[in-house]
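Structural description and commentary
Now for the letters of each chain:
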Amino acid sequence: MATTAYLTRPVPPSADKRWRMVEATMRRMGNQSTGLIETLHTVQETFGYLDLDALRYVAATLRVPLSRAYGVATFYHFFSLKPAGEHTCVVCTGTACYIKGAGQLLDALKKELGVTPGQTTSDGKVSVLGARCLGSCGLAPAVVYDREVAGKVTPQALKEHVARWKAHVS
Amino acid sequence: MSPDELEQIAEEERARQTQFKHTVKVCVAAGCVSCQSESVKSALEREVAARGKDHCQVKGVGCMGLCAEGPLVVADDHTMYQHVGESDAASILDGLEGKPVERLVCPTDVPFFQKQKKIVLENSGNVDPERIEDYIAAGGYTALMKVLGEMTPMQVVTEVTRSGLRGRGGAGYPTGLKWSTVAKATGEKKYVICNADEGDPGAFMDRSVLESDPHRVIEGMLIAAYAVGASEGFIYVRAEYPLAIKRLKIAIKQAEREGLLGNNISGSRLSFQIHLRLGAGAFVCGEETALIASVEGRRGMPRPRPPYPAMEGLFGEPTLINNVETFASVAPIIRNGGAWYAQIGTEKSKGTKVFALAGSVKNTGLVEVPMGTTLREMVFEIGGGLAEGRHFKAVQTGGPSGGCLPEQFLDMPVDYENLARAGSIMGSGGMIVMDDSSCMVDVARFFMDFCMGESCGKCIPCRVGTFHMHEILRKITAHTATTHDIAQLEELADLLRNTSLCGLGQSAPNPVLSTLRYFAEEYRQHVDKHQCPAGVCGNGHKDDAE
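Residues numbered from 1 in each chain as written. Chains lettered and ligands numbered in written order. Predicted model: local features only at pLDDT ≥ 70, side-chain atom pairs only at ≥ 80, totals over all residues.

**Quick word on the overall build of chain A**
Scanning chain A from N- to C-terminus turns up eight helices and five strands. Listed N to C, the secondary structure of chain A is α-α-α-α-α-β-α-α-β-β-β-β-α in terms of helices and strands. With respect to the principal axes defined by its C-alpha atoms, chain A has extents near 60 × 35 × 25 Å. Of all 170 residues assigned to chain A, the portion counted as buried reaches 42%. Partitioning the contacts of chain A with sequence separation of at least 6, the portion at a separation of at least 24 is 60%. (Helix = DSSP H or I, 4+ residues; strand = E, 2+ residues; numbered from the N terminus. Buried ≥ 20, exposed ≤ 12 C-beta atoms within 10 Å, placed from the backbone. Contact = placed C-beta atoms within 7 Å.)

This is the structure in structure tokens:
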């Protein structure tokens, strides 16, 4: 069994066409184990997070033990093993943002949404994340609403922004 | 591409630009982009089109430095405008022919601009980062041509050694020495890696250089590759910097198209390709052996050195690793000579350094100054001092591996040695100014929380030590600590410093030690009187993200 498993090409977990993107990345990396991180980036960018099926498939294709794929996925903060909410709000907690009141922003989110960094609201609308530093220190405190960076954010502005997300029915 | 072809591209581009009577430059680096500078640029373009003014060009350029006042726009190289909105497009265009728009003018005859000396950032704010022609027109890739046509690899190493350039990533290792070690090393293949995993919170120099002038970094890597005999390069860049990644991808493609990357570049024996690798949010990957592990697709955990990467690095081959700013300093050194560079700066720290000024200063942003500039000049002249009613308390350099320096060091010239003597480090160049509303014990706890979270877990002193140091600092800020705890904190600091495997653990105690040294009174007030003089501790948000 063990030898034939290497001979047959692993098949993607589903018929979803997006797996082609993942396959393309692995091919570009020569289907080598050195392409593990690049591939996980593509999976996360395409599907939003890494689930166990994806890790199994990537590990089998790149011929690394599942434990190594899981180890890499959990070592790096950028990878998420849980699906994110409809919207994400990343609060920068770098030094400049910290001394300019990132803590108050997190407090405001906790009050408004009842979640702390790493959590998603129960209705799946908003995920809150903390970031080590966004490199937008000149505009501290900074927040990323979905993919847009906003600078000099006040707790009030933050509350209003997430309230709009909560109210919007998609 | 030959030197003549390069000159031709430069001339064509200069001719193309001079046909415009007016040029309006809009900053499109991340700072201004987050203040909607891209829609300002579109508005200007729409307005130019609507007026049928084909003698006016709107150009997206890199960082102009004064991020706090963005979006920034420069009209015809003489008038800088700040806080520009979409609705200002028409008046700015009107201003080209008549008087500048007074209400938007950002004065440039102030120390923030006058006190700077731009070498690394000379193209930032002038060149369109997405057009290789613009970089070439500004003299780009001429250093590469000089190296390929007129110099031997050994001469290149000698020139870099003569310049006195030291690694800008933090440790300050002499760049020429590193290059010569890799040049002498033997291996089947050699690699050059650009460390763009700018992990220090509060530092954004590398992001800005990559977004503003990506070709400069590529040119530096090419020159390094020629000097050490490498054939493949990697840029390891943080995934948190999407704009830098996008611009690097464009720049690499353009350089390949022009034959500046590839086989037998400019007919020489240099063949060099560059690949991008994305980091995935691990601070420890700034350490060179951890970075190599990550490029190889593994968990970013450091290993003991020696062997150093210069002998056994990526895939076991000799590898040169330098930081973004180091590579960005190379082209001017080659163009103007090492002796020219060595004239700038102090005795042991040559050249200029880019600093990211942030925190409680008025002018937050990116500045480049000669080594040896004093902290007072940085904070009070260039930085414009603190906000109304606030008093200077400390300046933090070097991120989680650095320290907090109090007022008594304001007149100290900033260089590698002075900072180290004072208990901090140069680091990558983050400089965060703190006022009397910051509690230094809380700041120490903040950095320890960071190091605890970022410890890779491989060696016990760092994994367990950072946890216990954080626990003690948490107790102090919660006003439940005793003097015995402080003694233990010092003991642990000593242990981590001497027994950790890599720089993360070895330098993690620095913020604690420097605050204990200069702000001992604050610790005492927390422990003995259960008071926080800054009023920060004891009001709830003590648990950071992650």
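So, next bit.
**As for unusual backbone geometry**
Looking along the chain, the bond that leaves B:Arg305 and enters B:Pro306 is cis, with omega of -5 degrees. Examined against the element boundaries, B:Pro306 turns out to sit in the loop between α13 (288-295) and β8 (319-323). Residue B:Pro307 is reached from B:Pro306 by a cis peptide bond, and omega for that bond is 0 degrees. Topologically, B:Pro307 is positioned in the loop between α13 and β8. Even without being a glycine, A:Asp146 presents a positive backbone phi close to 50 degrees. One can find A:Asp146 in the loop between β4 (143-145) and β5 (148-150). Phi is positive for B:Asp77, which is not a glycine, with a value near 60 degrees. With respect to the secondary-structure elements, B:Asp77 resides in the loop between β3 (73-75) and β4 (79-81).

**Observations regarding the domain arrangement of chain A**
Size of an interface, as often reported, equals the accessible area lost when the parts are brought together. Partitioning chain A into domains gives domain 1 (2-75) and domain 2 (87-167). Computed from C-alpha atoms alone, the centre-to-centre distance between domain 1 of chain A and domain 2 of chain A is 32 Å. (Domains from an automatic or database assignment.)

**Examining the environment of A:Thr74**
Position of A:Thr74 among the secondary structure elements: in helix α5 (residues 66-75). With 12 C-beta atoms counted inside 10 Å, the residue A:Thr74 sits in the exposed group.

**Some points on the interface of chain B and chain A**
Every contact between the two is made by 41 residues of chain B and, on the other side, 39 residues of chain A. Where the side of chain B that touches chain A is concerned, the elements lending two or more residues are α2 (30-33), β7 (273-278), β9 (352-359) and β13 (430-435) of chain B. Tallying contributions element by element places β9(B) first for the side of chain B that touches chain A, with three residues.

**Looking at the packing of helix α18 (residues 440-454) of chain B against helix α19 (residues 460-477) of chain B**
Residues and elements named next belong to chain B. Across the interface, α18 lies against α19 with an axial gap of 9 Å and an inter-helix angle of 150 degrees. Judged by the angle between their axes, α18 and α19 are roughly antiparallel. When you trace α18 past α19, the crossing you get is left-handed. Every residue of α19 that contacts α18 at Val 441, Asp 442, Ala 444, Arg 445, Met 448, Asp 449, Cys 451 and Met 452 is listed here: Thr 466, Phe 467, Met 469, His 470, Leu 473, Arg 474, Ile 476 and Thr 477. Its residues assigned to classes, the contact of α18 with α19 shows nine nonpolar, three polar and four charged. (Axes fitted to C-alpha atoms, helices over the stretch in contact; angles between N-to-C directions. Parallel < 35°, antiparallel > 145°, perpendicular 65-115°, else oblique. Left-handed = near helix turned anticlockwise from the far one by under 90°. Nonpolar A, V, L, I, M, F, W, Y, C, P; charged D, E, K, R; others polar.)

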